[in-house]
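Per-entry structural report
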Amino acid sequence: MMKVTNSLTRSLEELKPLENNEIRLYTCGPTVYNYAHIGNFRAYVFEDILRRTILFNGMKIRQVMNLTDVDDKTIRGANAAGIPLTEYTKKYKDAFFADLETLNIQKAEVYPAATDHIPEMIALVSKLVEKGIAYKSEDGSVYFSVRKFPGYGKLAHIDFDHQKTGARCLGDEYDKENVGDFALWKAWEESDGPVGWDSPWGRGRPGWHIECSAMSMKYLGETFDLHTGGIDNLFPHHENEIAQAEAATGKPFVSTWMHCAHLRVNGEKMSKSLGNFFTLRDLTEKGWTGREIRYVLTNAHYSQGLNFAFSALEDARKSLRRIDECTAKATEGEAPDWAKKHLDDFTAAVNDDLNTPRAYAALFGLVRDTNAHGGGPVLGVFRRMDEVLGVVFFGKSAEADVPAGVKALLDARAAARAAKNWAESDRLRNEIAALGWAVKDGKEGQSVSPLK
Ligand code: AMP
Ligand code: ZN
């Protein structure tokens, strides 16, 4: 049974699918105006561990991650470069997908881009206007009236009813009726240049929050299982997503919310605006591998702040070397009880709110015992653990991904050898070699590696 901490209830709850043994997961994705930094990747790696743990437990998954390709920053970037918005954002979309591969992050099922879903967003805003929950301001922007949605604040656990929300605001927010009201649609401004779409309220563009409500409901339904992001997304972004969706549909939007803590640098959040960030490329150019970076990002519990330091990458390099030396000695075959015990500990750890520090402790318990035994048929256990961690057989074609056809021949060969049918065993060895794999017979049974 897999348990996670739900930000909505602030308690540890079983995660089980609402329908069809499938978890429908929405993960807030990158704003594609620049290269993502490793703080952003902490969030995406956390979501990858979540995704893999769901699959590890035999559930199915449908994951959607949006690409924010229209907002102040993307518009500013495109206009400064004097190129169309789509051309400007394409470069960073491509970079993002390449970075996901570098970190061995599994692909989501859908990556919808905001600019491909403007009609869906306009439809959702129209619905809120029709219901009297949203209003148009003089300049042609549309705002969500937080007073009209009684549940506002339930995710952030803030009681807005007892806060002064009646005062009209000053300065550049004078168009709003209330301080807390947020833009669903932003009227076109001079600085938007060629970027804009026609709508019932005039030319403009969608607000950031409406993007996620519209696209999540399009691909996952009006009520779905799980929604995640970094802790900075919790308020106001996720609170606003709930308000927009639930005010429009009258149904619960999402059952479980999860948020990961920040990656910090010297105690401060790693962020573009503070300038204290490293992109993934900065680190790989310095000679660190995606595998080492993934190791560092997965090594802390997702709900705990993690301070970034180069010494952690050095430790990761050493730890991974220990793992590699151990898996090199490990063989195929039925796992001994001492290995199974570590797998049980591992399973309990990841199912206890994705406790990766404990999961790594189980992995290193397996390393220690395997070394003490001088090897052993434990590759299957490493592989199973790696379904979640994705660091053990990282980027290696070795035993990690022995094709099914080779596995079947290996099973047949094990049977032939058990029956002392050496001719058949040799024939199968050749057949396996013809598929590009070399078989080695050790005292723990057979193991394979790619020929080459
Ligand atoms: P953004 O592009 O700023 O919208 O961020 C994309 C994702 O990265 C969101 O889920 C953020 O919450 C997350 N994020 C941004 N900075 C950090 C950080 N320093 N540590 C962890 N997650 C972060
Ligand atoms: Zn979002």
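Residues numbered from 1 in each chain as written. Chains lettered and ligands numbered in written order. Predicted model: local features only at pLDDT ≥ 70, side-chain atom pairs only at ≥ 80, totals over all residues. Heavy atoms only, no water.

**A short note on the overall build of the protein chain**
Applied cut-off: Starting at the N terminus, helices and strands are each numbered in turn, a helix being any DSSP run of H or I of at least four residues and a strand any DSSP run of E of at least two. Residue contacts are defined here by distance: any two heavy atoms, one from each residue, within 4.5 Å place the two residues in contact. We get accessible surface area from the Shrake-Rupley algorithm with a probe of 1.4 Å; when it comes to residues, only the shown protein chains can shield them.
Looking only at helices and strands, the protein chain features 14 helices and 15 strands. Each principal axis of the C-alpha distribution contributes one length, and for the protein chain these read about 85 × 45 × 40 Å. Looking at the protein chain alone, contacts between residues at least 24 apart form 74% of all its contacts between residues at least 6 apart. Counting every atom, the protein chain has about 19900 Å² of accessible surface; 51% of that belongs to carbon and sulfur.

**Here's the deal with the packing of aromatic side chains**
Both the distance between ring centres and the angle between the ring planes are used here to describe each pair of aromatic rings. Put simply, the rule is: Two aromatic rings from Phe, Tyr or Trp, using only the six-membered ring of Trp, form a pair when their centres are within 6.5 Å; if the ring planes differ by under 30 degrees the pair is stacked, by over 60 it is edge-to-face, and anything between is tilted. The criterion is that NZ of a Lys, or CZ of an Arg, lies within 6 Å of the ring centre and within 35 degrees of the ring normal, and then a charge sits over that ring.
Tallied over the entire structure, the rule returns 21 aromatic pairs. A cation sits over an aromatic face here: Lys272 above Phe277, 5.9 Å from the ring centre. Sitting over the face of the ring of Phe56, Arg384 holds its NZ or CZ atom 3.7 Å from the ring centroid.

**Structural notes on the side chain of Arg413**
Inspection of the secondary structure puts Arg413 in helix H13 (residues 404-418). With near-sequence residues (within four places) excluded, Arg413 lies in contact with Ser425, Leu428, Arg429, Ile432, Val439, Asp441 and Gln446.

**With respect to helix H9 (residues 310-329)**
Worth spelling out the cut-off: To estimate how far a helix should extend, the number of its residues minus one is multiplied by 1.5 Å. In this scheme, a residue with accessible area under 20% of its type's maximum is buried, one over 50% is exposed, and one in between is partly exposed, where area comes from a 1.4 Å probe on protein chains only. Note that the arc is defined by the directions from the helix axis to the C-beta atoms.
For H9, with 20 residues, the first-to-last C-alpha span of 30 Å sits near the 28 Å given by 1.5 Å per residue. Those residues of H9 that sit buried are Leu313, Ala316, Ser319, Leu320, Ile323, Cys326 and Thr327. Seen from one end, H9 has its buried residues packed into an arc of 140 degrees, which puts them on one side. Of the exposed residues in H9, those oriented more than 90 degrees away from the buried face are Lys318 and Ala328. Residues of H9 that are buried make contact with helix H8 (290-299), helix H11 (356-372) and helix H12 (379-389).

**Here's the deal with the coordination of the zinc ion (ligand 2)**
Where we set the bar: Donors, by definition, are the N, O and S atoms found within 2.8 Å of a metal, the threshold being 3.2 Å for Na, K and Ca, and water is not counted, so a site can look incomplete.
Every protein donor of the zinc ion (ligand 2) is listed here as Cys28 (SG), Cys212 (SG) and His237 (NE2), and their distances to the metal cover 2.0 to 2.2 Å. Taken in sequence order, the residues that donate to the zinc ion (ligand 2) follow the motif C-x183-C-x24-H. Taken together, the residues Cys212 in helix H5 (residues 208-220) and His237 in helix H6 (residues 234-249) connect sequence positions 25 residues apart. Pair check on accessibility: Cys212 and His237 agree, each one buried.

**Some remarks on the confidence of the model for the protein chain**
Stated precisely, the cut-off is as follows: Confidence scores here are pLDDT values: one per residue, from the predictor, ranging 0 to 100.
For the protein chain, per-residue confidence averages 93 on the pLDDT scale, and 95% of positions sit at 70 or higher. Scored below 50 in pLDDT, residues 165-171 shows 15 contacts in the model against residues more than four places distant or in partner chains.

**Some thoughts on the sheet that holds strand S8 (residues 204-206)**
Inclusion rule: Strands qualify as paired when DSSP identifies two bridges or more between them. Here the axes come from fitting lines to C-alpha atoms, over the contacting stretch only for helices, and the angles between their N-to-C directions go from 0 to 180 degrees.
Ordered by their spatial adjacency, four strands build an open sheet running S5-S6-S7-S8, and the pairing between neighbours is antiparallel. Here the strands that pair on one side only, and so sit at the sheet edges, are strand S5 (134-136) and S8. When strand polarity is set aside, the average angle formed by the axes of neighbouring strands in this sheet is 20 degrees. The sheet contact formed by strand S6 (residues 142-144) and strand S7 (residues 182-187) spans three bridges and is antiparallel. Bridge pairing in S7 places Val142 opposite Trp185.

**Quick look at the pairing of strand S2 (residues 11-14)**
As judged from the four bridges shared by strand S1 (residues 3-6) and S2, these two strands associate in the antiparallel manner. In the strand pairing of S2, Val4 is matched with Glu13. The loop that links S1 with its antiparallel partner S2 comprises four residues; one of these, Arg10, has a positive phi angle of about 55 degrees.

**A word on unusual backbone geometry**
With an omega of 0 degrees, the peptide bond between Phe235 and Pro236 qualifies as cis. You can see Pro236 is positioned in helix H6. At Asn104, a position not held by glycine, the phi torsion is positive, near 55 degrees. Mapping Asn104 onto the fold places it in the loop between helix H3 (85-102) and helix H4 (118-130). Phi angles above zero are rare outside glycine, and Leu354 is one such case at about 50 degrees. In this structure, Leu354 sits in the loop between helix H10 (337-351) and H11. By relative accessible area, which is 2% here, Leu354 ends up buried.

**Notes on the environment of Arg427**
Mapped onto the elements, Arg427 comes out in helix H14 (residues 422-434). Arg427 sits in the partly exposed class, given a relative accessible area of 43%. Considered as a pair, Arg427 and Arg413 are 14 residues apart in the sequence and their alpha carbons are 8.8 Å apart.

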